[in-house]
Amino acid sequence: MSDLELDRTAATNWREYKTEFLQMRDMVFWVWNELVSREGKAFMRRMIGWMALSCMLTVVLPLMFGRITDLLDPRLARLRALLMMLGAYGALMLLRQWVRYRQGMTREYLAWREHAAAGCPDDRAVSGEIARHAHQRKQPPQ
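Of the regular secondary structure elements, the chain holds 4 helices and 0 strands. Order of helices (α) and strands (β) in the chain, N terminus to C terminus: α-α-α-α. The buried share among the 142 residues of the chain stands at 13%. Long-range pairs, those at least 24 residues apart, make up 57% of the contacts in the chain with a sequence separation of at least 6. Just so you have it, the chain exposes about 12,300 Å², and 62% of that area is on carbon and sulfur atoms.

Turning our attention to the nonpolar core. Listed in full, the 9 residues of the largest apolar core are W50, L57, L61, M64, I68, L71, L82, L92 and V99. Those elements that place two or more of their residues in this core are α2 (38-70) and α3 (79-117). Top contributing element to this core by residue count: α2, with 5 residues. Leaving out residues up to four positions away in the same chain, L71 has contacts with R78, A81, L82 and M85.

Below, the discussion takes up the pattern of salt bridges. With the rule as written, the count across this model stands at 2 salt bridges. Across the pair R25 and D26 runs a salt bridge, and its minimum N-O distance is 3.5 Å.

Here the focus is the confidence of the model for the chain. On average, residues of the chain score 80 in pLDDT, and 72% of them are at 70 or above. Averaged pLDDT values for the elements of the chain fall to 55 in helix α4 (residues 123-138) and rise to 90 in helix α1 (residues 14-35).

A separate point is the side chain of S54. Along the chain, S54 turns up in helix α2. In this structure S54 touches V99, R100 and Q103, once residues within four positions along its chain are discounted.

A few words on the packing of aromatic side chains. Per the stated rule, a full pass over the model turns up 2 aromatic pairs. Arranged with centres 5.4 Å apart and planes meeting at 80°, the rings of W50 and W98 form a pair that is edge-to-face. Remark: W98 occurs in helix α3 and W50 occurs in helix α2; sequence separation between them is 48 residues. Judged by relative accessible area, W50 falls into the buried class, the value being 16%. For the pair F65 and Y89, a centre-to-centre distance of 5.8 Å together with 50° between the ring planes defines the contact as tilted.

Criteria and thresholds
Residues numbered from 1 in each chain as written. Predicted model: local features only at pLDDT ≥ 70, side-chain atom pairs only at ≥ 80, totals over all residues. Heavy atoms only, no water. Helix = DSSP H or I, 4+ residues; strand = E, 2+ residues; numbered from the N terminus. Buried < 20%, exposed > 50% of the residue type's maximum accessible area, 1.4 Å probe, protein only. Contact = heavy atoms within 4.5 Å. Areas by Shrake-Rupley, 256 points an atom, 1.4 Å probe, with all protein chains shown as cover. Core = buried A, V, L, I, M, F, W, Y, C linked by side-chain atoms within 4.5 Å. Salt bridge = Lys/Arg side-chain N within 4 Å of Asp/Glu carboxyl O. pLDDT = per-residue confidence, 0-100. Phe/Tyr/Trp six-rings, centres within 6.5 Å; stacked < 30°, edge-to-face > 60°.

Right, dumping it as structure tokens:
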């Protein structure tokens, strides 16, 4: 079934939006309670936390950059404030990169857990076997 075949009308006022929002919320709560395991909930909470922090930093950084450009006015002569803002901006950039790294590591760990749960061999073990086999092929037979 394609989206065009669905008989759904778009909300035209805030009451209809609210009704649709509440229906969607109920569906999300049902999926969360019925289909997500305790371990999955812990990982999802962790991912949501990293995503929320990343989103906050993504909003704060451009705002801070705007403040920095405001301080570039030569008539203000606020070099100390400008340098402090540049330092804080650099620190927030580093923090954002660290948050993205942690978010990626959490996501990859979850993917690895699903991969292992499906009975797939560990990639490192497979890579080690391939390297060992290639090394054996390079040596001349004795």
